[in-house]
Structures are given as C-alpha cells and as structure tokens.
There are 2 protein chains.
Amino acid sequence: MTAGAPLSTQAQAEIQAAVRTMFDGWNSHDMTMFASPFAEDADFVNVLGMHWFGRPEIEERHVELHRKIFRNSILKILNCTLRPIAAGVVLAHITWEMTGHETPPFAPFPPLRQGLITAVFVERDGRWWIASSQNTDIVSVSLPGASP
Amino acid sequence: MTAGAPLSTQAQAEIQAAVRTMFDGWNSHDMTMFASPFAEDADFVNVLGMHWFGRPEIEERHVELHRKIFRNSILKILNCTLRPIAAGVVLAHITWEMTGHETPPFAPFPPLRQGLITAVFVERDGRWWIASSQNTDIVSVSLPGASP
C-alpha cells in the first residue's frame, strides 16, 4: 500500500499559489477570485455542514455571506501542508485564523476563530483545481473530544 | 477539464461496504472494525477540528471516546453518494444521524445530531481505502450561513 509519488516543486508552488488566491480573494471580498481555484464541478462543505455544488454555487453563497457577516473579516493562513495520495491528487490541509467577522445568533463564534480546511486538489489539463473541500472550526477542549 | 471515469459496479459495492464497516464498527463500539477501512497513513479531522494521523491514532482516539460519551451512541447512515474525481480516487459524502450520545459541557450537542463526512477513497493494491476524511455537524439555520 503506497501513497502518491513525491510532489514536484512546480506542483507544490502551483497548489500553494491556488490556496493563497482563495485567501487573497476572501480578504479583498472578491468572491470570483476566492472561487477561481475550484473546479467547475467542485463541492464545498462549510462549517455548518451546508453542502454546495459547483463553482457557481460556491461563489454565490460566499457573495451572500460577504454582504454582511464577513464583510470586514480577515482570514489568515496559519499553516498549509500538502500530501499526494494518488497520481494527480494532492490533499491540502490548511489551518486558518479569522478576525473581524460578525457573529450571528445561531452560531456565536468567538472574536478569534480558528479552523481547518481539507482541500482535495486534482490535476486536470495541466492545472491544479480543488475538486472538493470541507471546513471545520477548531474548538479547544482538554478532554479527548466529543466527536464521531 | 474532466472528472474521473465512471465508477464500476464492483468499486461502488466495495466502497459502500467499507462505509458500512465504519458505521457497523461504531455501533458495536468495536473501534478496530471502525478503523479498518482507513489506510495506514490516513488522516481524520473530527467535528471539533482535531486532526489525527494514521490508522492507529484514528482507532485509539475513538476507543477513548467510546469509553464514555459514545458508549451508547447509535450512528445511522442517512445518505451516501460517491463521486470519482481521478483514476482510483473516489469521494464519498456520507450524511449521518446520531442518537444516544452523552453531551459534554464544552460541546452541548443536541439529542439528535446530524452531520456530513467527506471520505476520500483511494484504490491501492486492489482494495479501496480511506486516505483522508473530515466530519462536520450539520447546523440547521435559515440564514445564508456563517461560515468561511
């Protein structure tokens, strides 16, 4: 049982650039830029378990969110690790920190949020795209945890 | 930009069987069975954003959790969709429902929880393994949402 081949320096640079594009798009509240690394048929699971399908829906839902609660938010990459799992498929695990968001009553997020995105990158037509991604807030607890 | 080839009936059956093994393992509180579909080098992000690496850690952390808060919990598959994204790589999106868990003070989960797991399956040595997975609780809200 072997993992994917080692990642070329070029692939690594391209994937890291795509991750930066997402975050730069978020911070300039330009959701077309934010969504541009997603494949046309990508899916996205947000921290509330909402599941969006296709780059157009991923973009549009984020446009709605940036009209209000995220309009002044800043998202920072804390760490980004890459792991090839098959030919032309790389997992990116991105930990992030967010400040400046508004906190809606149904989800009283703290003023400083941290979380973790898994983004599954695939190489298609000589470019790396996010095929699928999921995002989860990191909740600090001292117990073993409370999750399946 | 094209997605993976259509999934064979056999691959589909094998992946669905692996998902059932996870859930059967959970419900019989047998964490060796639960963890058996995970590749040796798999990673797992739980609903609290904890990130575990390798099948041994995934198993051991779940053993700890099933000593108490999940000891009487029942996890049910609501839906499981499969999407091939590259040769030998298939995304499984599994929605679940859980009852019978205890609710720790740091995370006051409701008596009936629902959530969504993305599991990235890879084919290695003629068998399908979970290379990576992430789990998020589904929170019902009527607003556009509050998530990056």
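This is a predicted model, so every value here is computed, not measured.

Colleague: What is the right way to read the environment of Trp-52 of chain A from this model?
Modeller: Mapped onto the elements, Trp-52 of chain A comes out in strand E2 (residues 51–53). Distance in space between the C-alpha atoms of Trp-52 of chain A and Ser-132 of chain A is 10.0 Å, their sequence separation being 80 residues.

Colleague: What exactly am I supposed to notice about the sheet that holds strand E4 (residues 89–99) of chain B here?
Modeller: Consider a sheet: its strands pair through backbone hydrogen bonds, and that pairing is either parallel or antiparallel. Residues and elements named next belong to chain B. Reading across the sheet, the six strands line up as E2-E1-E6-E5-E4-E3 and stay open at both edges, with mixed pairing between neighbours. Across the chains shown, the open sheet's two edge strands, defined by having one partner strand only, are strand E2 (51–53) and strand E3 (74–86). The mean inter-strand angle of the sheet, taken between neighbouring strand axes irrespective of direction, is 15°. Seen against the sheet, helix H1 (residues 9–27) touches strand E1 (38–45), E3, E4, strand E5 (113–124) and strand E6 (127–137) and runs at an angle of roughly 150° to E3.

Colleague: Help me understand the relation of the copies chain A and chain B in this model?
Modeller: Note on the chain copies: they are related by a rotation about an axis and a translation along it. Placing chain A over chain B gives an RMSD of 0.0 Å and needs a rotation angle of 180°, together with 0.0 Å of translation along the axis. Taken together, the rotation and translation relating the two chain copies correspond to the operation of a two-fold axis. Nearest to the rotation axis, the C-alpha of Thr-136 of chain A is located 3.1 Å from it, this being the minimum over chain A.

Colleague: Can you help me understand helix H1 (residues 9–27) of chain A in this one?
Modeller: Side chains that are three or four residues apart share a direction in an α-helix, a result of its 3.6 residues per turn. All names here are of chain A. Over its 19 residues, H1 runs 27 Å from end to end, which matches the ideal 27 Å to within 8%, given 1.5 Å per residue. Those residues of H1 lying buried are Ala-11, Ile-15, Ala-18, Val-19, Met-22, Phe-23, Gly-25 and Trp-26. An end-on view of H1 places all buried positions within 165° of arc, on one side of the element. Residues of H1 that are exposed and angled more than 90 degrees away from the buried face: Thr-9 and Gln-10. One or two steps after H1, the chain reaches His-29, where phi turns positive at roughly 55°.

Colleague: Sorry if this is basic, but what is going on with the packing of aromatic side chains here?
Modeller: Aromatic rings considered in pairs are described by the distance between their centres and by the relative angle of their planes. Here the structure, examined in full by the defined rule, presents 10 aromatic pairs over all chains. Geometrically, the ring pair formed by Trp-26 of chain A and Phe-34 of chain A is edge-to-face, given 5.8 Å between the ring centres and 65° between the ring planes. For the pair Trp-26 of chain A and Phe-34 of chain A, a shared accessibility class is recorded, and that class is buried. Pairing Phe-34 of chain A with Phe-38 of chain A gives two aromatic rings, centres 6.0 Å apart and planes at 45°, and the pair type is tilted. Judged by its relative accessible area of 3%, Phe-34 of chain A is buried. Among the residues examined, Phe-38 of chain A registers a relative accessible area of 0% and is labelled buried. Among the aromatic residues, those joined into a ring-pair cluster are Trp-26, Phe-34, Phe-38, Phe-44, Trp-52 and Phe-70 of chain A. Above the plane of the ring of Trp-129 of chain B lies Arg-127 of chain B, whose end atom (NZ or CZ) is 3.7 Å from the centre.

Colleague: I'm lost on the interface of chain A and chain B in this one. Help?
Modeller: How large an interface is tends to be reported as the accessible area lost when its parts come together. Listed by partner, the interface residues are 61 residues for chain A and 61 residues for chain B. Here chain A packs against chain B, burying approximately 4,700 Å² in sum over the two surfaces, 63% of which is carbon and sulfur. Counting across the chain A and chain B interface gives four salt bridges. Residue Asp-41 of chain A pairs with Arg-83 of chain B through a salt bridge whose shortest N-O separation is 3.7 Å. Going through the elements one at a time, strand E1 (38–45), E2, helix H3 (55–67), strand E3 (74–86), strand E4 (89–99), strand E5 (113–124) and strand E6 (127–137) of chain A are the ones with two or more residues in the side of chain A that touches chain B.

Colleague: I keep staring at empty space enclosed by the protein and nothing clicks. Help me out?
Modeller: To find leftover empty space, a probe the size of one water molecule is rolled over the atoms. Counted by the stated rule, this structure contains three cavities of 30 Å³ or more. As for the largest cavity, its lining consists of Thr-118, Val-120, Ser-132, Ser-133 and Gln-134 of chain A together with Thr-118, Val-120, Ser-132, Ser-133 and Gln-134 of chain B. Among the secondary structure elements, those contributing two or more residues to the lining of the largest cavity are E5 and E6 of chain A together with E5 and E6 of chain B.

What counts, and where the lines are drawn
Residues numbered from 1 in each chain as written. Chains lettered and ligands numbered in written order. Predicted model: local features only at pLDDT ≥ 70, side-chain atom pairs only at ≥ 80, totals over all residues. Heavy atoms only, no water. Helix = DSSP H or I, 4+ residues; strand = E, 2+ residues; numbered from the N terminus. Pairing = 2+ DSSP bridges. Axes fitted to C-alpha atoms, helices over the stretch in contact; angles between N-to-C directions. Contact = heavy atoms within 4.5 Å. Least-squares fit on C-alpha atoms with pLDDT ≥ 70 in both. Expected span 1.5 Å × (residues − 1). Buried < 20%, exposed > 50% of the residue type's maximum accessible area, 1.4 Å probe, protein only. Arc of directions from axis to C-beta. Phe/Tyr/Trp six-rings, centres within 6.5 Å; stacked < 30°, edge-to-face > 60°. Lys NZ or Arg CZ within 6 Å of the ring centre and 35° of its normal. Buried area = accessible area lost by both parts, 1.4 Å probe. Salt bridge = Lys/Arg side-chain N within 4 Å of Asp/Glu carboxyl O. 1 Å grid on protein atoms, 1.4 Å probe; cavity = no way out; pocket = protein on both sides within 12 Å on 5 of 7 lines; lining within 4 Å. Points joined across faces, edges and corners; volume = space filled by probe spheres on them.

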